[in-house]
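Chain by chain, the residues run as shown.
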Amino acid sequence: MKDKLLEIGVGLCLLVAVACDTGSAKNEDANLDSSAKKEKKEKKKDKNPASEGFAVNNNYDLLEVSKMGKKTVPESSGLEASGDGNFWTHPDAGNEAVLYKVNQSGELLETMAVQGAKNNDWEDVTRGDDGFLYIGDMGNNENTRKDLQILKVDEKAKKVVASIPFKYADQTEFPPSKANQNFDVEGFLMHNNAFYLFTKNRGKGDWVKLYKVANQPGASQTVAPLDSIQISTKITAADVSPDGRHIALLGEGWVYLFEESSPEGVFKGKKEQIPLGKVGQAEGLVFVNDSDMMISNEAGRLFMLSLRK
């Protein structure tokens, strides 16, 4: 009888032990699932991580200042200061060859139909020291274009006065393989009578390539990349500060700020990136002074990015 009771007792202990092990295993599985979900959530949050070699600069404040009317300014793909202290913006492919002048409050002041121009795919606009506006007709989503150009526009006469055509020396296929489709430019700037173009880094490896185009209308120029850098998001706009010391590239949720006296060595200087947060599909950027920038998105929202004093 005693032996029978002992057997029953041992059996019960074994059942309790198995139940405890099963409970522990379930808890461990639950913890693993929870950790995996947490890790997945963190990865999802970190969609646009900081790029290697860039210091994160949190000394800027972003303020939404206004919104352009969708019916008056259907799209903002580039942004530049006008001669009277306001801003020019423009749409990209599939739209008319027009420039919209707006003030900081987003009010439409003027619609300029640019005579002698066609909007193949306008992606950015800049102003030269000569007072002319230059429109980058260089959007190249499919990497098939052979008619890339920069249009020189007389702001007062409201017309194209010259075209500066160019092509990339390292593009031999139209289109190239998907991994090499890195010939789409949405950001460029002008400095010392030359243009500096930054690719959108669509190809493999997140490489932003830098090209230089001389301000020489006439025959098409063949330009080779001067340098390249890895940046984790797509580049949609570029500008240089009035003092020539800083170059800013607009990315997804970030502004990449370079401190370098010459655009040709821009990737070799001090590198920072400024978090923007949620600004939508931002595609226009212009310095308003040596540190602060105005940013626009496709929906017409205008933001001021200001360095804290």
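Use the structure listed above.
Residues numbered from 1 in each chain as written. Predicted model: local features only at pLDDT ≥ 70, side-chain atom pairs only at ≥ 80, totals over all residues. Heavy atoms only, no water.

### Re the overall build of the protein
At step 1: Counting its regular elements, the protein contains 1 helix and 22 strands.
At step 2: In the protein, which comprises 309 residues, the proportion classed as buried is 47%. (Helix = DSSP H or I, 4+ residues; strand = E, 2+ residues; numbered from the N terminus. Buried < 20%, exposed > 50% of the residue type's maximum accessible area, 1.4 Å probe, protein only.)

### What to know about the packing of aromatic side chains
At step 1: Within this structure, the stated rule accounts for 9 aromatic pairs.
At step 2: With a centroid separation of 5.6 Å and 80° between ring planes, the pair formed by Phe 54 and Phe 258 is classed as edge-to-face. Separated by 204 residues along the polypeptide, Phe 54 in the loop between helix H1 (2-45) and strand E1 (55-56) and Phe 258 in strand E18 (residues 254-259) bring together distant segments of the chain. Across the pair, Phe 258 and Phe 54 agree in class, each one buried.
At step 3: Arranged with centres 5.7 Å apart and planes meeting at 75°, the rings of Phe 166 and Tyr 168 form a pair that is edge-to-face. The two residues Phe 166 and Tyr 168 agree in class, both being buried.
At step 4: The structure contains a cluster of three or more aromatic residues connected by ring pairs, namely Phe 54, Phe 198, Tyr 256, Phe 258 and Phe 267. (Phe/Tyr/Trp six-rings, centres within 6.5 Å; stacked < 30°, edge-to-face > 60°.)

### Section: the nonpolar core
At step 1: In terms of nonpolar packing, the biggest core is built from 19 residues, with Phe 198, Ile 231, Leu 249, Tyr 256, Phe 258 and Phe 267 touching the most fellow members.
At step 2: Mapped by element, the contributors of at least two residues to this core are strand E12 (194-199), strand E13 (207-214), strand E16 (237-240), strand E17 (246-250) and E18.
At step 3: What Leu 249 contacts, discounting residues up to four positions off in sequence, is Phe 198, Ile 231, Ile 235, Ala 237, Ala 238, Trp 254, Val 255, Tyr 256 and Phe 258. (Core = buried A, V, L, I, M, F, W, Y, C linked by side-chain atoms within 4.5 Å. Contact = heavy atoms within 4.5 Å.)

### Looking at the side chain of Asp 184
At step 1: Looking at where Asp 184 falls in the secondary structure, it is placed in the loop between strand E10 (159-168) and strand E11 (185-191).
At step 2: A polar contact is formed between the side chain of Asp 184 and the side chain of Arg 202, at a distance of 2.9 Å.
At step 3: Apart from the residues lying within four places of it in its own chain, the contact partners of Asp 184 are Met 138, Gly 139, Asn 140, Asn 141, Asn 143, Thr 199, Lys 200 and Arg 202. (Polar contact = N/O pair within 3.5 Å; in protein donor to acceptor, adjacent residues only side chain to side chain.)

### Concerning unusual backbone geometry
At step 1: The residue after Phe 174, namely Pro 175, is reached through a cis peptide bond having omega 5°.
At step 2: With respect to the element layout, Pro 175 can be found in the loop between E10 and E11.
At step 3: Not every positive phi belongs to a glycine, and Asn 143 is a case in point at roughly 60°.
At step 4: Note that Asn 143 resides in the loop between strand E8 (133-137) and strand E9 (149-154).

### A word on the sheet that holds E18
At step 1: Within the open sheet, the 5 strands sit side by side as E1-E19-E18-E17-E16. Their pairing is mixed. Of all strands in the sheet, those with a lone pairing partner are E1 and E16, marking the two edges.
At step 2: Where E1 meets strand E19 (residues 270-275), 2 bridges bridge the pair, whose relative direction is parallel. Note on E19: the bridge partner recorded for Val 56 is Gln 273. (Pairing = 2+ DSSP bridges.)

### Observations concerning the side chain of Glu 298
At step 1: One can find Glu 298 in the loop between strand E21 (293-297) and strand E22 (301-307).
At step 2: Of the side chains bearing the opposite charge, Lys 70 lies closest to the buried Glu 298, which forms no salt bridge; the N-O distance is 6.9 Å.
At step 3: Once residues lying within four places of it in the same chain are set aside, the contact partners of Glu 298 are Lys 70, Pro 74, Glu 75, Ser 76, Asp 92, Gln 281 and Glu 283. (Lys, Arg positive; Asp, Glu negative; His and termini not counted. Salt bridge = Lys/Arg side-chain N within 4 Å of Asp/Glu carboxyl O.)

### Notes on the sheet that holds strand E20 (residues 282-287)
At step 1: Strands sit in the order E2-E22-E21-E20 across an open sheet of 4 strands; the sheet is antiparallel. Among the strands making up the open sheet, the edge pair consists of strand E2 (60-67) and E20. Pairs of neighbouring strands in the sheet enclose a mean axial angle of 25°, with direction left out of account.
At step 2: Bridge count for E21 against E22 is 4 bridges, and the pairing is antiparallel. Among the inter-strand pairings, Ile 295 is bridged to a residue of E22, identified as Phe 303. (Axes fitted to C-alpha atoms, helices over the stretch in contact; angles between N-to-C directions.)

### As for the pairing of E12
Looking down a regular strand, the side chains alternate between one sheet face and the other.
At step 1: In terms of residue burial, E12 counts as a mostly covered element, since 6 of its 6 residues are buried.
At step 2: By the alternation rule, side chains of E12 split into Ala 194, Tyr 196 and Phe 198 and Phe 195, Leu 197 and Thr 199, which are all buried.
At step 3: Where E11 and E12 come together, 6 bridges link them in antiparallel fashion. By the bridge assignment, Gly 187 is partnered in E12 with Phe 198.
At step 4: In terms of strand pairing, E12 meets E13 through 5 bridges, oriented antiparallel. Residue pairing for E13: Leu 197 is matched across the bridge by Tyr 211.

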